[in-house]
Amino acid sequence: MSVIEVRQLAKSFWIPSAKRETVREHVLHVFRRRSFERLDVLRSVSFDVQAGETIGIMGRNGSGKSTLLRLLCGIYRADSGSLDVRAPLTPILELGLGWNPELDGVDNVMLIGTAMGLSLREARESLDEILAFAGLERFAGLPLKHYSSGMAARLAYSVAFKAVREVLVLDEIFAVGDQEFRARCEARYRELSARGHTVVLVSHEPRIISTFCNRALLLEGGTIVLDASGAEVVAEYSRHMSGR
Amino acid sequence: MHAATTPTATRIDIRGMLWTLVRTDFKSRYHGTIGGFVWALLKPALMFVVLMSVFSLIFASTPHYRLNLIVGLFLWEFFGESTRTGLISLQSKGYLLTKARFPSWILVVASLSNAAITLVVFALTFLGYLAAIGRAPHAAGLALFLLYLALFSLIVVGFALGSSVLFLRYRDLNQVWEVVTQAGFFIAPIIYPLDIIPERFHIYLYLWPPTPVIQFSREVLVDGGVPTFKAHLLLIAMAAAVFAAGAAIFRAWSPSAAENL
C-alpha cells in the first residue's frame, strides 16, 4: 500500500526584476511595470512510496530536493499536480537553524516538540531522554544563544526523533554533530526503520543512500531522471557529479 | 491546473502548544524571573493607581471624566499592543513555520496573550475600585462589559490574522500601522468626550472599532446606562465582519506563509 502518492507535481517561484517588499515601494512604483522570471524548481514529478519503504533522494544543489521535501511536509504549496500523504508525517528539516536563542534548552524542547506533534505531556515526560540522546543534560538550563551550532542541531534532532510519527522526512540528517552523535542517529534511524516507519531521506552522501535506502530517486533540473535501487542511483549521481 | 495537496497533518496538541507559546513568550519578555512575573501582573494595576492619582489632582472636579479617561486609555492600550504584536507574530516565529506543520493561527493567537493578561488585570483592578467607592456596575452592566471585551478580542484576532500574513509580503506594514494607530488614538474619543464633536460626524468615528467598545464600556461601567439594542447589533456585526475579513485573508495566504519568510 502506498502511503505517499505524488502525481505530476510542479512548483515554480516567480522572481521579479525588481523586488517590492514594502507598502512604500508598491505605492511609489505603482505605474512602473516589472517583469517576472519563472523559476521552475519542480516539473511534473511523479512517484509512490510504499508503507515501510525507505526512499532516498539525491541530486545536485538546486535540483529541487528541498522544495520536494517541503511540499511533502505541507510547508510549501504546490502549483499543480496532486500529492496524497496518507499517514501522519514528521519532518526533520534544517533543524540546526532557527531556535529561540533567548530561551533555554528545556523551553526550546517544549516549543519545537509541541510544534512537531508531541503533546505537552509527552514532551515533559521525554525531556530527560531527549537531553540524554543529545548529550546535553548539563546545558539544559543554558539559553540557546550560548550553544554552539552543533549543540543546537543535536538538540533539534533529538526532539525530532522523539516526535516521529508514521512517515519520517529527513533532510541531510547525518551531516550533524560529531561522529558519536551521528552513530547514535544512525542507530536510532535503523530502529525506526525496523519498526516499519516509512522514510524519505535526502542526502548528498553516497554511503548514506546506498546503506539505508533500498530505493532512491535522482533529481535533475526539477525532474526525476532515475528511479532505481539506492546503489544504482548513487552510481548515476557520481557520474553526474564527475561530469561524465 | 490547481494542486490537490493533502498531506495528512500530524496531530497537534493545540492547547499544549498554545500554552507553551504563551509561557515561553511571557518568560522571554520578563526574563523568566519571579520578579518579572509579579511585575507583569502588577504593571497594569500600578499604572491604574498612578493614572488615578494624577487625574484625581488634575480633574478633581470631574470624576466622570477621569474614570472615562482611564477606561479609554486601558482599552486603547490593549488594542495598540495586541495589534502590534499580532501583526508581526508569523514573522517573529518563522523558525517554527519552516520546520514543522501545525495550524499557524496558533502563533497569531498566542502572540496576543500579553496584551490580554494586561487587560484582564486592569479590568479586575478597575471593577475592584468601582466596588470600593460604592459604584459597582449592576450585573447586566458587568455582563455587557464582558461581552464588549469578547467582541474587542474578536476584532483584534481578526486584525492580527489578516495583518500577520500581509506583513510577510509588505515588510513595512508595521510602520504604516504605527502611523494609523497614532492617528487612531485621536479618532477614538479617549482624551476628549464624544459630545464635543458634532453629532453628524459620530457615525464616522464609530467606524473605528475602538470607538464603540470604549464608549459602550464607559456607559455601562461609569455612567450606569445601557447602549441601545441596535448599537449592540452594530458592534456585533462590526466584530464579525473584521474577524471574517481577517480570517479570509489568513485562509487564503497562510498556506504560502513559509515561502514568504
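Data block above holds the structure.
This structure is a prediction, so every number in the text was calculated from the model and none was measured.

Q: Outline the overall build of chain B, listing residues and values.
A: The helix and strand tally for chain B stands at 12 helices and one strand. Along the chain direction, N to C, the helices and strands of chain B fall in the order β-α-α-α-α-α-α-α-α-α-α-α-α. For 261 residues, the compact-globule formula gives about 18 Å, and the C-alpha radius of gyration of chain B, at 20 Å, lands near that figure. Principal axes of the C-alpha set define a box for chain B whose edges measure 65 × 50 × 35 Å. Here chain B holds 261 residues, and the buried ones make up 37% of them. The contacts in chain B between residues at least 6 apart in sequence include a share of 77% that link residues at least 24 apart.

Q: Explain the environment of Y129(B) to me, and be specific about the residues and the numbers.
A: Structurally, Y129(B) can be placed in helix α7 (residues 113-132). Taking the C-alpha atoms as reference points, Y129(B) and F159(B), separated by 30 residues in sequence, lie 32 Å from one another.

Q: Outline the interface of chain A and chain B, listing residues and values.
A: Counting residues at the interface gives 43 residues for chain A and 35 residues for chain B. At the level of secondary structure, the elements contributing two or more residues to the side of chain A that touches chain B comprise α1 (23-28), β4 (80-85), β5 (89-92) and α3 (105-115) of chain A. Taken together, the residues that form the side of chain A that touches chain B break down as 22 nonpolar, 11 polar and 10 charged.

Q: Residue-level account of unusual backbone geometry, with values.
A: All names here are of chain A. Positioned with a positive phi, Q8 is a non-glycine residue whose angle comes to about 45°. Mapped onto the secondary structure, Q8 falls in strand β1 (residues 2-16). For Q8, a count of 16 C-beta atoms within 10 Å gives the class partly exposed. Of note in this structure, S44 is not a glycine but carries a positive phi near 45°. Along the chain, S44 falls in strand β2 (residues 36-50).

The rules behind these values
Residues numbered from 1 in each chain as written. Chains lettered and ligands numbered in written order. Predicted model: local features only at pLDDT ≥ 70, side-chain atom pairs only at ≥ 80, totals over all residues. Helix = DSSP H or I, 4+ residues; strand = E, 2+ residues; numbered from the N terminus. Rg over C-alpha atoms; globule rule 2.2 N^0.38 Å. Buried ≥ 20, exposed ≤ 12 C-beta atoms within 10 Å, placed from the backbone. Contact = placed C-beta atoms within 7 Å. Nonpolar A, V, L, I, M, F, W, Y, C, P; charged D, E, K, R; others polar.

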